[in-house]
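Architecture at a glance
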Amino acid sequence: MTLVLFAYFAAVILITGILVVTLSNPVHAVLSLLVMFFHVAGIYVLLNAEFIAIVQILVYAGAILVLYLFVVMLLNLSGKEKSHNRQFLFGSFVGVTMFIELMIFLSRSPLSGTAGSDTVDKIRSTGNTQAIGESLFTTYLWPFEIASLILLVAMIGAIVLSKNGILRESWGEKK
Amino acid sequence: MVPLSYYIVLSSVLFMLGVIGVLVRRNIVIILLSIEMMLNAANINFVAFSHYLHNIAGQVFVFFVLAVAASEVVIGLAIIIALYKNHHTINVDEINLMKW
């Protein structure tokens with residue numbers, strides 16, 4: 001049963017991934033990426049990561065994709081002009097070569113590691129969200145603070161970039 | 001029970017699609033979408049290894065990747081809009097401001 005679900009999610013993810021690369025209309029590409037994000041969330045549920053699945057839907061499908069769609073609509077791009085550049089064949093060749101190399105490396109590696117203490121039953125008994133929260137606010141508190149700083153810098157940067165001449169005007173008045 | 005290698009193959013194919021998208025598309029928005037696809041491939045790997053190695057740290061790192069993806073998309077789209085205001089194109093073949 002799990003294998004069937006995995007096959008369905010994987011098939012939809014790959015098909016929509018191919019569509020994102022090939023579709024010439026940007027709106028259609030964004031919408032197929034939306035379908036892909038939902039199915040990636042399904043993969044996370046299969047892996048017992050319910051919190052990450054919900055965050056995937058809320059942040060990726062809800063916030064980031066809406067931002068993309070908004071920008072695509074704002075720029076009013078038509079899909080009429082050529083959507084792929086000249087190195088189409090060369091680019092695909094590089095991508096496929098990278099994939100084959102990855103597969104060769106992976107088939108030779110044992111894919112093993114030291115197993116931790118967070119077994120599925122233990123996480124299920126405390127709850128997935130609580131387990132992530134405990135790890136996030138104890139072991140990874142410092143990276144968590146840095147992530148908040150990154151988001152703050154991104155917000156200020158976006159405001160400065162999109163408000164045209166916000167720096168120039170205030171500096172010009174002082175001179 | 002799905003073997004771990006299936007997830008790794010899935011994420012590798014997704015990463016390959018992202019790389020191809022970055023290399024062959026002309027529209028900057030689609031290039032950013034391809035980068036999102038690559039980040040998602042990395043996230044699938046993180047969660048799969050977290051599940052199979054019984055370590056919650058993988059899922060915590062998905063959280064950080066999400067934060068980076070969110071800030072990346074905000075800055076990237078702001079740059080794209082500023083570019084479109086000044087040059088009226090978001091075609092990477094026609095943007096050669098920083099060409100040597």
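Below is a summary of the structure that appears in this document.

Its location among the elements puts Pro 110 of chain A in the loop between α4 (88-108) and α5 (120-126). The spacing of Pro 110 of chain A and Leu 89 of chain A is 21 residues in sequence and 34 Å in space, taken between C-alpha atoms.

This paragraph deals with helix α3 (residues 57-87) of chain B. Since one α-helical turn is 3.6 residues long, residues separated by three or four positions face the same way. Here α3 of chain B contains 31 residues, and its C-alpha end-to-end distance of 44 Å stays within 8% of the 45 Å for a straight helix at 1.5 Å per residue. His 88 of chain B sits one or two positions beyond α3 of chain B and adopts a positive phi of about 55°.

Quick look at the packing of helix α2 (residues 26-46) of chain A against helix α2 (residues 28-52) of chain B now. The geometry of α2 of chain A relative to α2 of chain B is characterised by a closest axis approach of 11 Å and an angle of 5° between their N-to-C directions. Put simply, α2 of chain A runs roughly parallel to α2 of chain B. Where α2 of chain A approaches α2 of chain B, its residues Pro 26, Ala 29, Val 30, Leu 33, Met 36, Phe 37, Val 40, Ile 43 and Tyr 44 of chain A are matched on the opposing element by Ile 30, Leu 33, Glu 36, Met 37, Asn 40, Asn 43, Ile 44 and Val 47 of chain B. Of the residues assigned to the contact of α2 of chain A with α2 of chain B, the class counts are 14 nonpolar, 2 polar and 1 charged.

A word on the packing of aromatic side chains. Applying the stated criterion to the full structure yields 10 aromatic pairs over all chains. Ring centres of Phe 37 of chain A and Tyr 60 of chain A lie 4.5 Å apart, and the angle between their planes is 35°; on these two criteria the pair is classed as tilted. Of the two residues, Phe 37 of chain A is situated in helix α2 and Tyr 60 of chain A in helix α3 (residues 50-75); the sequence distance between them amounts to 23 residues. Among the residues examined, Phe 37 of chain A registers a relative accessible area of 0% and is labelled buried. Judged by centre distance (5.6 Å) and plane angle (90°), the rings of Phe 61 of chain B and Phe 64 of chain B are edge-to-face. Within this pair, Phe 61 of chain B and its partner Phe 64 of chain B are both found in helix α3, separated by 3 residues, close to a single helical turn. Classification of Phe 61 of chain B as partly exposed rests on a relative accessible area of 33%. Linked through ring pairs, Phe 6 of chain A together with Tyr 6, Tyr 7 and Tyr 52 of chain B together constitute an aromatic cluster.

The next thing to look at is the environment of Val 60 of chain B. Positionally, Val 60 of chain B belongs in helix α3. Residue Val 60 of chain B is classed as buried on the basis of its relative accessible area of 0%. In this structure, the C-alpha to C-alpha distance between Val 60 of chain B and Val 47 of chain B, residues 13 residues apart in sequence, is 9.1 Å. Discounting chain neighbours no more than four positions away, the residues touching Val 60 of chain B are Ile 132, Ser 135, Leu 136 and Tyr 140 of chain A.

Rules and cut-offs
- Residues numbered from 1 in each chain as written.
- Chains lettered and ligands numbered in written order.
- Predicted model: local features only at pLDDT ≥ 70, side-chain atom pairs only at ≥ 80, totals over all residues.
- Heavy atoms only, no water.
- Helix = DSSP H or I, 4+ residues; strand = E, 2+ residues; numbered from the N terminus.
- Expected span 1.5 Å × (residues − 1).
- Axes fitted to C-alpha atoms, helices over the stretch in contact; angles between N-to-C directions.
- Parallel < 35°, antiparallel > 145°, perpendicular 65-115°, else oblique.
- Contact = heavy atoms within 4.5 Å.
- Nonpolar A, V, L, I, M, F, W, Y, C, P; charged D, E, K, R; others polar.
- Phe/Tyr/Trp six-rings, centres within 6.5 Å; stacked < 30°, edge-to-face > 60°.
- Buried < 20%, exposed > 50% of the residue type's maximum accessible area, 1.4 Å probe, protein only.

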